[in-house]
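# Summary of the model geometry
Chain by chain, the residues run as shown.
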Amino acid sequence: MGSGGAELGLLLVKNYLTLLNEEEVLPKVMVFYNEGVKLICSDSPVVEQLQLLEMRGVKLLACKTCLNHFGLLDKMEVGIAGTMMDIIELQKAADKVITL
């Protein structure tokens, strides 16, 4: 989340996802790319929070190129792999795009 120290970024992501799960209004889609794809894979400390969001109807999409780059395509625990065109189409259709 953001840039800077990985430890602080992970702490912020954990807090964000925990609090987001307490909300009634949720984002329609969350997109993961670059090292963010590691959050949806086995050994992720936030995979349970993401699974809960997915069960509540949030679509989780991870960049397939990024998953392949890190050798994680077969380690996905939640969400679906998508292409850059999928990400572009989601951004074009969105009323608002928020980057974390």
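Structure report, in brief. (Residues numbered from 1 in each chain as written. Predicted model: local features only at pLDDT ≥ 70, side-chain atom pairs only at ≥ 80, totals over all residues. Heavy atoms only, no water.)

This paragraph deals with helix α2 (residues 47–55). Burial in α2 covers these residues: Val47, Gln49, Leu50 and Leu53. The arc enclosing the buried residues of α2, seen along the axis, measures out at 160 degrees, which places them on a common side. Among the exposed residues of α2, those pointing more than 90 degrees away from its buried face are Glu48 and Met55. On its buried face, α2 is in contact with α1 (6–20), β1 (29–32) and β2 (59–63). (Buried < 20%, exposed > 50% of the residue type's maximum accessible area, 1.4 Å probe, protein only. Helix = DSSP H or I, 4+ residues; strand = E, 2+ residues; numbered from the N terminus. Arc of directions from axis to C-beta. Contact = heavy atoms within 4.5 Å.)

Tallied over the full model, the rule gives zero aromatic pairs. Between Lys38 and the ring centre of Phe70, over which it is positioned, the NZ or CZ distance is 4.6 Å. (Phe/Tyr/Trp six-rings, centres within 6.5 Å; stacked < 30°, edge-to-face > 60°. Lys NZ or Arg CZ within 6 Å of the ring centre and 35° of its normal.)

Right, let's get into the pairing of β1. Side chains Met30 and Phe32 of β1 all project onto a buried face; the interleaved residues Val29 and Val31 project onto a face where none is buried. Pairing of β1 with β2 involves four bridges; the strand directions are parallel. Pairing of Val29 across the sheet is with Lys59, part of β2. What joins β1 to β2 is α2, and the crossover it makes is right-handed. (Pairing = 2+ DSSP bridges. Right-handed = clockwise from strand over helix to strand, strands pointing away.)

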